[in-house]
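Each chain, written out:
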Amino acid sequence: MAGYPLLPVVGLAFADLGLCRWRWFKRPQQAPTGAEWEETGCSSMCYTPTQQDIGTMLRVECIPANAAVDGSSHHQQQHNAAFPAAIAAATGLRRPHRKSLIGVSVNYGEPLTAETGPVRTGPQQPAARVRQLNPGVPLPEPWRFRIMSYNILADQYAGTSYAQQVLFKYCPTQLLDNNYRRQLVLQEILSLTFAVF
């Protein structure tokens, strides 16, 4: 949805999320098979589609990586392995706890990609904006802090026919879709200023 962040669901084995490289691409929905993907310019894990992206398909590319132990990989490259600030800022992920890896050899794997359906127009006034009193207002005293607690409807409950026909019959089925709800939840979390989650 335009205006709402996309964050891929990633499962890594033998790779370090903080070292992975990311790129986002787009192309028109009606593009012929084999058409080239255009780079969006986003190189972080999180991408927020714009109004210009409406109707386009998106592709995310991840190049998994890990710190080399013996320097034996043919994918080895020198890399400043600082956790990308854009990922930390956009997702709230913290830099992995480790000693400095500047100048350390990094092994890169083969690129993996995933594609989305066409980007749609997002809701103009999601419920989250209505219930937020002062989402981005900093607290006046530095010793104060804000705690956030969030309860998300589990996919296995929202996706059943019983849930759709009985529990949440007042809610349009497309709004119970996990992919739709995930972007709204991520947008709400990113818009709040909290110290503890």
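Structure: above.
Calculation rules
- Residues numbered from 1 in each chain as written.
- Predicted model: local features only at pLDDT ≥ 70, side-chain atom pairs only at ≥ 80, totals over all residues.
- Heavy atoms only, no water.
- Helix = DSSP H or I, 4+ residues; strand = E, 2+ residues; numbered from the N terminus.
- Buried < 20%, exposed > 50% of the residue type's maximum accessible area, 1.4 Å probe, protein only.
- Contact = heavy atoms within 4.5 Å.
- Areas by Shrake-Rupley, 256 points an atom, 1.4 Å probe, with all protein chains shown as cover.
- Pairing = 2+ DSSP bridges.
- Core = buried A, V, L, I, M, F, W, Y, C linked by side-chain atoms within 4.5 Å.
- 1 Å grid on protein atoms, 1.4 Å probe; cavity = no way out; pocket = protein on both sides within 12 Å on 5 of 7 lines; lining within 4 Å.
- Points joined across faces, edges and corners; volume = space filled by probe spheres on them.
- Nonpolar A, V, L, I, M, F, W, Y, C, P; charged D, E, K, R; others polar.
- Phe/Tyr/Trp six-rings, centres within 6.5 Å; stacked < 30°, edge-to-face > 60°.
- Expected span 1.5 Å × (residues − 1).

> How do you make sense of the overall build of the chain when you look at a structure like this?
Regarding its fold elements, the chain presents 5 helices and 7 strands. A total of 197 residues make up the chain; the buried ones form 29% of that total. Taking contacts inside the chain between residues at least 6 apart in sequence as the whole, the part at least 24 apart equals 77%. With an accessible surface of roughly 12700 Å², the chain has 56% of that area assigned to carbon and sulfur atoms.

> Sorry if this is basic, but what is going on with the sheet that holds strand S3 (residues 56-63) here?
Adjacent strands of a sheet pair through backbone hydrogen bonds, lying either parallel or antiparallel. Spatially, S2-S1-S3-S7 is the arrangement adopted by the 4 strands of the open sheet, whose pairing is antiparallel. Single-partner strands in this sheet number two, and they are strand S2 (38-39) and strand S7 (112-115). Across 4 bridges, the pairing between S3 and S7 is antiparallel. Bridge pairing in S7 links Glu61 to Thr113.

> Any chance you could explain the nonpolar core here in plain terms?
Here is a general trend for soluble globular proteins: nonpolar side chains tend to be buried in one another's company. Judged by nonpolar contacts, Ala2, Leu6, Cys20, Trp22, Trp24, Cys42, Met45, Tyr47, Leu58, Val60, Cys62 and Val119 together constitute the single largest core of 12 residues. Of all the secondary-structure elements, those providing two or more residues to this core are strand S1 (21-28) and S3. Top element by residues in this core is S3. It accounts for 3 residues.

> Please clarify how the layout of surface pockets should be interpreted in this entry.
Gaps left between atoms are located by rolling a probe of water-molecule size over the structure's atoms. Taken as a whole, the largest pocket encloses approximately 700 Å³ of empty space. For the lining of the largest pocket, the secondary-structure elements that each account for two or more residues are S1, S3, S7 and helix H5 (178-191). In terms of residue count, the dominant contributor to the lining of the largest pocket is H5 (5 residues). Considered class by class, the residues forming the lining of the largest pocket number 20 nonpolar, 6 polar and 5 charged.

> Looking at this model, I keep getting lost on the packing of aromatic side chains. Mind explaining?
Given two aromatic rings, their pairing is described by the distance between the two centres and the angle made by the two planes. Across all of its chains, the model carries 2 aromatic pairs by this definition. With a centroid separation of 5.4 Å and an interplanar angle of 25°, the aromatic rings of Trp24 and Tyr47 are classed as stacked. On the criterion of sequence distance, the pair formed by Trp24 in strand S1 and Tyr47 in the loop between S2 and S3 is long-range, its members being 23 residues apart. Taken together, a centroid distance of 6.4 Å and an interplanar angle of 75° make the contact between Phe168 and Tyr170 edge-to-face.

> Sorry, what's going on with unusual backbone geometry here?
One can expect most non-glycine residues to show negative phi and most peptide bonds to be in trans. Even without being a glycine, Phe14 presents a positive backbone phi close to 60°. Tracing the backbone through its elements, the reader meets Phe14 in the segment before S1. What makes Phe14 exposed here is its relative accessible area of 78%.

> Could you clarify how one ought to interpret H5 in this entry?
The α-helix advances 3.6 residues per turn, and as a result positions three or four apart in sequence lie on the same side. Taking 1.5 Å of rise per residue, the 14 residues of H5 would be expected to cover 20 Å, and the 20 Å separating its terminal C-alpha atoms lies within 8% of that figure. Those residues of H5 that fall on the buried side of the exposure criterion are Tyr180, Arg181, Gln183, Val185, Leu186, Glu188 and Ile189.

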